[in-house]
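Spelled out, the chains give:
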Amino acid sequence: MQGQYTAGMTVVLMVMVGLILGSFSHTLDFRLAHSKPLFSPRSRCDMCDQPVGVMGLIPVFGFLMHRGNSVCCQKPIDWIYPCIEGATALLFGVMTWRMGLSWITLFLIVWFLGLLIMGLTDYWTLHVYDSILFPWLAVSGLLCLLNGEWIFGLLGAVTLVGFVMGLSRVVAYFLQKPTMGEGDFYILFGLFLALRSTLTLGIILLGSLTGILLGLLFKKNKLPFVSLMMWGTYVVLLFFPK
């Protein structure tokens, strides 16, 4: 009974951490996209540029308490803020519930947070920033070591990236336009290092199918690759965390 209570409290704690880090990740991606310092000054309202008070910084609940409006100017806040905060909290809670709180779980949470930030910046700017990418790759390497058989993970990652790179070059030749950026190959490398073959292929398949569907629905020719991979990773970790 005591063990179940402790496990439940740990899940609740990680849900709260997910709410906070989900909010923090959106702040970081906004500042990266607008070339602002990452950790200062205080957050400001997107509409009126006034400093955001404490009540406006409470993840999800602050949004609900003020009925989706800004505290300072009462203008509507984009729904993407509470959606990211709630989705991150759900993922962290589910991962902790299924996997327990271990070093692998903690590193995997940090790893996904980095991917989330890159997915958001890719969505807004179609750009992946080195200040997030290379630390994320380092965490991918740590997860590869913790999972064991790191030589297989490294060789598999190199093989996957080489294959996709060659395929993209062939497609680009026939289409007469680039199909993938350099940062996209780094993302694939990190995905395979951290999650290995089966999960990575599932992420690529899910992300690709989502991209095709969105392209048909919204008539878009160019979709953010990293954002699609982030979405695929989220679904895989949510339903297949082990």
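It should be emphasised that the depicted structure is a prediction, and the values quoted were computed from it without experimental measurement.

Visitor: So what exactly am I meant to see when it comes to the layout of surface pockets here?
Guide: Vacant regions in the atomic arrangement are exposed by a probe of water-molecule size rolled over the atoms. As a volume, the largest pocket reaches approximately 1,100 Å³. Lining of the largest pocket is provided by 34 residues; of these, Thr 179, Met 180, Asp 184, Leu 223 and Phe 225 occupy positions nearest its centre. Looking at the lining of the largest pocket, the elements that each hand over two or more residues are α6 (150-175), α7 (182-218) and α8 (225-239). In terms of residues, the lining of the largest pocket owes the most to one element, α7, which gives eleven residues. Class assignment of the residues belonging to the lining of the largest pocket gives a composition of 18 nonpolar, ten polar and six charged.

Visitor: Sorry if this is basic, but what is going on with the packing of aromatic side chains here?
Guide: Centre-to-centre distance and the angle between the planes together describe a pair of aromatic rings. Within this structure, the stated rule accounts for seven aromatic pairs. Aromatic pair Tyr 123 and Trp 124: ring centres 4.9 Å apart, planes at 75°, arrangement edge-to-face. Judged by relative accessible area, which is 47%, Tyr 123 ranks as partly exposed. The exposure class of Trp 124 is partly exposed, given its relative accessible area of 42%. Here the aromatic rings of Phe 152 and Phe 192 are separated by 6.5 Å at their centres, their planes lie at 55°, and the arrangement is tilted. Pair noted here: Phe 152 is in helix α6 and Phe 192 is in helix α7, with a separation of 40 residues, a long-range link. In textbook terms, an aromatic cluster arises when at least three aromatic residues are bridged by ring pairs, as seen for Phe 112, Trp 231 and Tyr 234.

Visitor: Looking at this structure, I do not really get helix α4 (residues 103-125). What am I missing?
Guide: Because each turn of an α-helix spans 3.6 residues, side chains separated by three or four positions end up pointing in the same direction. Across its 23 residues, α4 extends 33 Å between first and last C-alpha, which sits within 8% of the 33 Å expected from 1.5 Å per residue. Residue Leu 126 follows α4 closely and has a positive phi angle near 55°.

Visitor: Whenever I open this one, unusual backbone geometry confuses me. Can you help?
Guide: One non-glycine residue, Leu 126, adopts positive backbone phi at about 55°. As for its placement among the helices and strands, Leu 126 is situated in the loop between α4 and α5 (130-147).

Visitor: Help me understand the nonpolar core in this model?
Guide: Soluble, globular proteins show a tendency: their nonpolar side chains are buried together. Formed by 50 residues in total, the largest nonpolar core has its most connected members in Trp 111, Phe 112, Leu 115, Met 118 and Ile 187. Put simply, the parts of the chain that give this core at least two residues each are α1 (2-33), α3 (80-99), α4, α5, α6, α7 and α8. Considering every element that reaches this core, the biggest residue donor is α4, with ten residues. Excluding its chain neighbours within four sequence positions, the residues that come into contact with Trp 111 are Trp 136, Val 139, Ser 140, Leu 143, Gly 190, Leu 191, Ala 194, Leu 195, Thr 233 and Leu 237.

Visitor: Please explain α5 as it appears in this structure.
Guide: Here α5 spans 25 Å end to end across 18 residues, near enough to the 26 Å set by a 1.5 Å rise per residue. Listed as buried for α5 are Ile 132, Leu 133, Trp 136, Leu 137, Val 139, Ser 140, Leu 143 and Cys 144. Buried residues of α5, seen end-on, are gathered within an arc of 165° and therefore sit on one face of the element. Remark: Gly 148 follows α5 within two positions and exhibits a positive phi of approximately 85°.

Visitor: Explain the packing of α3 against α8 to me, please; I cannot follow it from the model alone.
Guide: Any two packed helices are characterised by the angle at which their axes cross and by the distance between the axes. The interhelical angle for the contact between α3 and α8, taken along N-to-C directions, is 35°, at an axis separation of 8 Å. Here α3 and α8 pass one another in a crossing that is left-handed. Taken together, the residues of α8 that come into contact with α3 (itself represented by Ala 87, Leu 90, Leu 91, Val 94, Met 95 and Arg 98) are Tyr 234, Leu 237, Leu 238 and Phe 239. Broken down by class, the residue content of the contact of α3 with α8 amounts to nine nonpolar, no polar and one charged.

What counts as what
In every chain, residue numbers begin from 1 and rise along the written sequence. pLDDT decides what is reported in this predicted model: residues at 70 or higher carry local features, side-chain atom pairs at 80 or more are listed and counted, and totals for whole chains, interfaces and linings draw on all residues regardless. Note that water and hydrogens are dropped before the side-chain values are worked out from all heavy atoms of the structure. Two kinds of site are reported from a 1 Å grid over the protein atoms alone, namely cavities, where a 1.4 Å probe fits but cannot get out, and pockets, open sets with protein on both sides within 12 Å along at least five of seven lines, and residues are called lining when an atom falls within 4 Å of a point. Grid points are joined across faces, edges and corners, and a volume is the space filled by probe spheres set on the points. Labels follow the DSSP assignment, with helices taken as runs of H or I lasting at least four residues and strands as runs of E lasting at least two, numbered in each case from the N terminus. Three residue categories are used. Nonpolar comprises Ala, Val, Leu, Ile, Met, Phe, Trp, Tyr, Cys and Pro, charged comprises Asp, Glu, Lys and Arg, and polar comprises the others, including Gly. Each aromatic pair joins two rings of Phe, Tyr and Trp (for Trp, the six-membered one) with centres within 6.5 Å, and gets the label stacked for planes under 30 degrees apart, edge-to-face for over 60, and tilted for any other angle. Relative accessible area decides the class of each residue, using a 1.4 Å probe on protein chains only: under 20% of the type maximum gives buried, over 50% gives exposed, and in between gives partly exposed. How far a helix is expected to stretch is found by multiplying one less than its residue total by 1.5 Å. We define a nonpolar core as any set of buried Ala, Val, Leu, Ile, Met, Phe, Trp, Tyr and Cys residues linked to one another through side-chain atoms lying within 4.5 Å. Whether two residues are in contact is decided by their heavy atoms, any of which lying within 4.5 Å being enough. Taken from the helix axis, the directions to the C-beta atoms give the arc we talk about. Here the axes come from fitting lines to C-alpha atoms, over the contacting stretch only for helices, and the angles between their N-to-C directions go from 0 to 180 degrees. In this scheme, a crossing is called left-handed if the near helix is turned counterclockwise away from the far one by less than a right angle; it is called right-handed if the turn is clockwise.

Just geometry here; none of it tells us what the structure is for.
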